[in-house]
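Overview (structure and organization)
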Amino acid sequence: MKGILQKSPILLVEDNEDDILITKKAIEKRQIMNNLFVVHDGQEALDFLRRTGKYENAPRPGFVLLDLNMPKLDGFEVLKEIKRHPELKSIPIIILTTSERDEDVSKAYALGCNSYIVKSVDFSKFINTVIEIRQYWLELAEIPSTCDSKPDLWGNLSV
Amino acid sequence: MDDDKIILRSLQKALEMEKYSVDTAETGQQAIEKLKDQSFNLTLLDIKLPDMEGTELIKEIDKIRPEVKKIMITGFPTIENTRESLNAGADAFLVKPISPQQVLEVVRKKVKEQEENDNLSLEKVKKWIERQMDRKPGENIANVSEEEAKNLLFILDYHNQLLQEKNRLLNQSNDDLQNYTYVVSHDLKAPLRSIQSFSTFLLEDYSNKIDETGQDYLRRIVKAATNMNELIGDLLILSRVGRKFTEVEKIDLNNLLEEIVSDLCPTIKKRNAEVIFQSLPTVNTQRIWIKQLFMNLIDNGLKFNKSATPRIEVQCKIEPEHYLFSVRDNGIGIDKQYHGKLFNLFERLHTQEEFEGTGAGLAICKRIVENFGGTIWVESELGKGSTFYFKIPKKPDSQKKEML
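Cut-offs applied
Residues numbered from 1 in each chain as written. Chains lettered and ligands numbered in written order. Predicted model: local features only at pLDDT ≥ 70, side-chain atom pairs only at ≥ 80, totals over all residues. Heavy atoms only, no water. Helix = DSSP H or I, 4+ residues; strand = E, 2+ residues; numbered from the N terminus. Expected span 1.5 Å × (residues − 1). Buried < 20%, exposed > 50% of the residue type's maximum accessible area, 1.4 Å probe, protein only. 1 Å grid on protein atoms, 1.4 Å probe; cavity = no way out; pocket = protein on both sides within 12 Å on 5 of 7 lines; lining within 4 Å. Points joined across faces, edges and corners; volume = space filled by probe spheres on them. Nonpolar A, V, L, I, M, F, W, Y, C, P; charged D, E, K, R; others polar. Contact = heavy atoms within 4.5 Å. Buried area = accessible area lost by both parts, 1.4 Å probe. Salt bridge = Lys/Arg side-chain N within 4 Å of Asp/Glu carboxyl O. Polar contact = N/O pair within 3.5 Å; in protein donor to acceptor, adjacent residues only side chain to side chain. Pairing = 2+ DSSP bridges. Axes fitted to C-alpha atoms, helices over the stretch in contact; angles between N-to-C directions. pLDDT = per-residue confidence, 0-100. Left-handed = near helix turned anticlockwise from the far one by under 90°. Patch = residues over 30% accessible without salt bridge, like charges linked within 9 Å, V, L, I, M, F, W, Y side chains within 5 Å. Areas by Shrake-Rupley, 256 points an atom, 1.4 Å probe, with all protein chains shown as cover. Lys, Arg positive; Asp, Glu negative; His and termini not counted. Charge placed at Lys NZ, Arg CZ, Asp CG, Glu CD.

In a regular helix each residue adds 1.5 Å, so 29 residues correspond to 42 Å; helix α7 (residues 212–240) of chain B covers 42 Å between its end C-alpha atoms and thus fits that length. Among all positions in α7 of chain B, only G214, Q215, L218, V222, A225, I232, D234, L236, L238, S239 and R240 of chain B are buried.

What follows is the structure in structure tokens.
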């Protein structure tokens, strides 16, 4: 249902502290009310989404902003894992990176990312990027609404 | 080959530090076994080994691998054993105690000799080929004996392999270099983003705590970061030319130019400019690069232009094998003395205040045209406008392979 995800939290997967601050600032400046959760590497991202370990009570995000270059598990591996997971694969994954490499773009789409966006160096442009991503994925796009469901229910739904 | 393990190890280390690959043997028999398995450029051997005389070993080596250079090392030099070693076929003779430097020097010299030898046989092949090229039609192909021909073929084959290997290495280092530019450019963007963003935060959120001079400095930082971002962007484009794989397609240049004019529309309107073209051909080429090429040239014509009505004219002359394009403007023109420098990377003839830009645009044009297998040049005089010409082959297969 369109718009039902408007208040969904956003998950940011990013290892660079500066980039985390910049993204937080962008959200704060434009008064985006969605909760922003931050994890610092690929493994943490998977733990968060699968609700394992310390993320037992983590919410299901409306979308994920995923960086590519990260320690431990990189963005591609996280993407691959999410997209083959029956309950998680419908979460929109937006690759947010500085890399414009053709190889990276192709690989990310081949692995099933929903958008690939290059971080702008210019902050005012970056703010607009964040706003537009939010607006598109949480207000405009139709996405299966499973945000209030329990994990076991998603399991049943996917069977 | 040496029975003294310490000498063996220290020599091995010294040689390996110079990037030679080294294998060792402690007895003559071991050495023979190793030589049967693989070839070496050069062997260093002691005159006295536990199981045989060094001179004996030299003869054995000659039987297995006659091409291998042999350097004899001895602790007790006498006229006798020196002569014996040389007679047996040693290529050089060293006396203990020997420093690794000494060995290195001889090894370098011998390896160089061997390379020169290779070149020598290459000379021979070249001469033979030249002779064959000179022969009159109908004349017998081989003016050489069967033995010689076999030899030459062998050498030719050997050099072919060498050439292929060198080619492979060259391609690899080329790829590495391009990848390097690509990766470095991206890695530079991340810190730049921090500089740009945090300076912006200071300006926006802390302006009441920073005085006017401080704010001026911050604005300069933001501007410098923005400029650097443009430079990196241009470097990225440059490293992509010839690297980015795109299909060759039929492109109607009239449509392409219309597209460019529409992209440049805000500038064209603002400057009260016009871009003129008519009946341009349809060419087989790569869309993104031909577009980038025309875009840069037209953009330059508009930018370096102080006329009240800037005018850019694109024309094409169709030659038997080539297209000759010209992009003419009524701009400020370029003094003849700068025509040569113009296509260099980051070459700027004006200050940022006069005309903005990174100075990479024409370098990118040149790279694109050259990758198409063509040439680019300019005709211009100061104050009289400029005309950029480029000539590209009609057939895309005569465009450089890596573009396809």
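That covers the picture; the talk isn't over yet.
Once that is clear, we can look at empty space enclosed by the protein. According to the stated counting rule, one finds 2 cavities of 30 Å³ or more in the structure shown. As for the second largest cavity, its lining consists of L12, E14, D19, T23, L96, K119 and F126 of chain A together with R193 of chain B. A class-by-class count of the residues in the lining of the second largest cavity yields 3 nonpolar, 1 polar and 4 charged.

Moving on, we get to the interface of chain B and chain A. If you look at the interface, chain B gives 21 residues, while chain A gives 18 residues. Per-residue buried area on chain B facing chain A is highest for H186, R193 and F201 of chain B; these three make up 35% of the total on that side. Taken together, chain B and chain A are joined by 5 salt bridges. The residue D205 of chain B makes a salt bridge to K25 of chain A at a minimum N-O spacing of 2.9 Å. The interface formed by chain B and chain A holds 8 residue pairs in polar contact (both at pLDDT 80 or more) in total. Of all the elements in the fold, those that place two or more residues in the side of chain B that touches chain A are α6 (146–205) and α7 of chain B. In terms of residue count, α6 of chain B provides more of the side of chain B that touches chain A than any other element does, 16 residues in total. When grouped by side-chain class, the residues that make up the side of chain B that touches chain A number 7 nonpolar, 7 polar and 7 charged.

In this section: the sheet that holds strand β2 (residues 36–39) of chain A. Residues and elements named next belong to chain A. Read across the sheet, 5 strands follow the order β2-β1-β3-β4-β5 without closing on themselves; strand pairing throughout is parallel. The strands lining the two open edges of the sheet, one partner per strand, are β2 and β5 (115–118). On average, each strand axis in the sheet is tilted by 20° relative to the strand beside it, whichever way the strands run. The pairing of strand β1 (residues 10–13) with strand β3 (residues 63–66) spans 4 bridges and is parallel. Note that in β3 the partner of L11 across the bridge is V64. Here helix α4 (residues 102–110) sits on the sheet in contact with β4 (93–97) and β5, set at roughly 155° to β5. In the packing of helix α5 (residues 123–140) onto the sheet, the strands contacted are β3, β4 and β5, and the crossing angle to β3 comes to about 150°.

Here we come to the confidence of the model for chain B. Overall, the predicted model of chain B reaches an average pLDDT of 81, with 85% of residues at or above 70. Predicted confidence for residues 398–404 of chain B stays below pLDDT 50, and this span has 23 contacts to residues more than four positions away or in other chains.

Turning our eyes to something else, we now look at the packing of helix α10 (residues 287–303) of chain B against helix α11 (residues 361–371) of chain B. Residue and element names in this part refer to chain B. Running from N to C, α10 and α11 cross one another at 145°; their axes reach a closest spacing of 9 Å. Crossing of α10 over α11 shows left-handed handedness. Seen from α10, the contacting residues are W289, Q292, L293, N296, L297 and N300; seen from α11, they are G361, L362, I364, C365, I368 and V369. For the contact of α10 with α11, the per-class residue count stands at 8 nonpolar, 4 polar and no charged.

This part takes up the layout of surface pockets. Residues and elements named next belong to chain B. Space inside the largest pocket adds up to approximately 1200 Å³. What lines the largest pocket is a set of 46 residues, and nearest its centre among them are N300, K303, F304, E356 and G357. Looking at the lining of the largest pocket, the elements that each hand over two or more residues are α7, α9 (265–271), α10, α11 and β10 (386–393). Here the lining of the largest pocket is built from residues that sort into 17 nonpolar, 16 polar and 13 charged.

Our focus in this paragraph is the side chain of N34 of chain A. Residue and element names in this part refer to chain A. In this structure, N34 sits in the loop between α1 (17–29) and β2. In terms of polar contacts, N34 uses its side chain to reach the side chain of R134, at 2.8 Å. If near-sequence neighbours (up to four positions away) are discounted, N34 is found in contact with L5, Q6, K7, S8, I10, R134 and L138.

Residues and elements named next belong to chain B. On the basis of which strands lie adjacent, the open sheet formed by 5 strands has the order β5-β7-β8-β10-β9 and mixed pairing. Among the strands making up the open sheet, the edge pair consists of β5 (274–277) and β9 (375–380). Geometrically, the sheet is characterised by an average inter-axis angle of 15° between neighbouring strands, direction not taken into account. Looking at chain direction, strand β7 (residues 311–318) and strand β8 (residues 322–329) are connected through 7 bridges and run antiparallel. The partner of C316 across the bridge, within β8, is F325.

Here we take up a negative patch on the surface. There is a patch of like negative charges on the surface, built from E230, E353, E354 and E356 of chain B. Residue classification places E230 of chain B among the partly exposed residues on the basis of a relative accessible area of 42%.

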